[in-house]
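# Survey of secondary and tertiary structure
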Amino acid sequence: MDDPRPDSRPDPSPDVDALEQALHAARALVLADLAAGDVARAEVVSLVEDAVSHRRWWVEQWPEGVAYVAGLVAQDVQDALLERYGRWPLCPVCAEAGPGGPGGPHDGPHDGPHALEVEPELGPDPHWVCAKAGVVVAAVGTLGSRGSGGSRGDRGGQGAS
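Below or above, wherever it landed, is the structure these notes cover. (Residues numbered from 1 in each chain as written. Predicted model: local features only at pLDDT ≥ 70, side-chain atom pairs only at ≥ 80, totals over all residues. Heavy atoms only, no water.)

## Section: the state of the cysteines
Put simply, the rule is: Only a pair of cysteine sulfur atoms within 2.5 Å qualifies as a disulfide here. Partly exposed describes any residue whose relative accessible area lies between the buried limit of under 20% and the exposed limit of over 50%, with all areas from a 1.4 Å probe on protein chains only and scaled to the type maximum.
Counted according to the given criterion, the structure contains 0 disulfides. Cysteine Cys-91 is unpaired, with the sulfur of Cys-130 as its nearest cysteine sulfur at 3.5 Å. A relative accessible area of 4% means that Cys-91 is categorised as buried.

Right, dumping it as structure tokens:
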């Protein structure tokens with residue numbers, strides 16, 4: 001009988017498959033976070049598609065960066081939303097603690113709702129964190145699954161609408 005060995009068959013573009021899987025996963029994770037905050041409307045989904053398209057080119061130029069795609073897409077979408085609609089996702093830690101953040105006084109006249117940040121900025125396994133409190137809120141793609149409520153933006157509590 002034939003003994004088909006994995007190394008004896010040509011593998012059609014394994015890097016392309018890994019790239020597409022990473023891009024699809026990044027899209028799904030960011031869309032899950034947007035849906036958790038009820039901001040996954042058509043115009044916002046278009047921002048996700050733009051970010052995925054940009055990162056496809058980026059990873060084609062730097063294949064070693066494929067593990068970083070989810071965090072980068074999340075950051076790209078967050079930046080695009082800030083420019084067009086407002087902060088997203090808002091920090092649930094500081095919102096629950098009230099004015100001034102977690103147990104502290106106001107930081108100044110611009111103190112108020114702030115967005116979570118993606119950490120690491122360039123690395124695998126990205127998480128949404130409150131930089132002010134130094135707390136990990138959720139992995140990218142899991143906002144709302146822990147009851148975080150931190151996925152709403154700053155436009156009248158309705159998020160990036």
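## Let's talk about the packing of aromatic side chains
To keep it simple, the criterion reads: Note on aromatic contacts: the rings of Phe and Tyr and the six-membered ring of Trp form a pair at centre separations within 6.5 Å, being stacked when their planes are under 30 degrees apart, edge-to-face when over 60 apart, and tilted otherwise. Runs of E in the DSSP output that reach at least two residues are strands. Runs of H or I that reach at least four are helices, and both are numbered from the N terminus.
Under the definition given, this model contains 3 aromatic pairs. A ring pair is formed by Trp-62 and Tyr-68, whose centres lie 5.6 Å apart and whose planes are at 45°; its orientation type is tilted. For Tyr-68, a relative accessible area of 21% corresponds to the partly exposed category. Each ring, one from Trp-88 and one from Trp-128, has its centre 5.3 Å from the other, and the planes form 80°; the classification is edge-to-face. Of this pair, Trp-88 sits in the loop between helix H3 (69-84) and helix H4 (92-97) while Trp-128 is found in strand E2 (residues 127-130), placing the two residues 40 residues apart along the sequence. Taking relative accessible area as the criterion, Trp-88 reaches 1% and is therefore assigned buried.

## Focus on the pairing of strand E3 (residues 135-139)
Convention followed: Being paired, for any two strands, means DSSP has found at least two bridges between them.
Of the pairings in the sheet, the one linking E2 to E3 comprises 4 bridges and is antiparallel in character. The residue of E3 that forms the bridge with Cys-130 is Val-135. Between E2 and E3, which follow one another and run antiparallel, lie 4 residues, and Gly-134 among them has a positive phi close to 70°.

## With respect to unusual backbone geometry
Omega for the bond connecting Trp-88 with Pro-89 falls within 30 degrees of zero, at -15°, which places this linkage in the cis form. Topologically, Pro-89 is positioned in the loop between H3 and H4. With phi around 55°, Asp-38 is a residue other than glycine that occupies positive phi space. Summarising the element assignment, Asp-38 is placed in the loop between helix H1 (14-36) and helix H2 (42-61). Owing to a relative accessible area of 47%, Asp-38 belongs among the partly exposed residues under this scheme. Positive phi is not limited to glycine here, since Asp-125 has a value of about 55°.

Any functional reading would require information that these geometric values do not contain.
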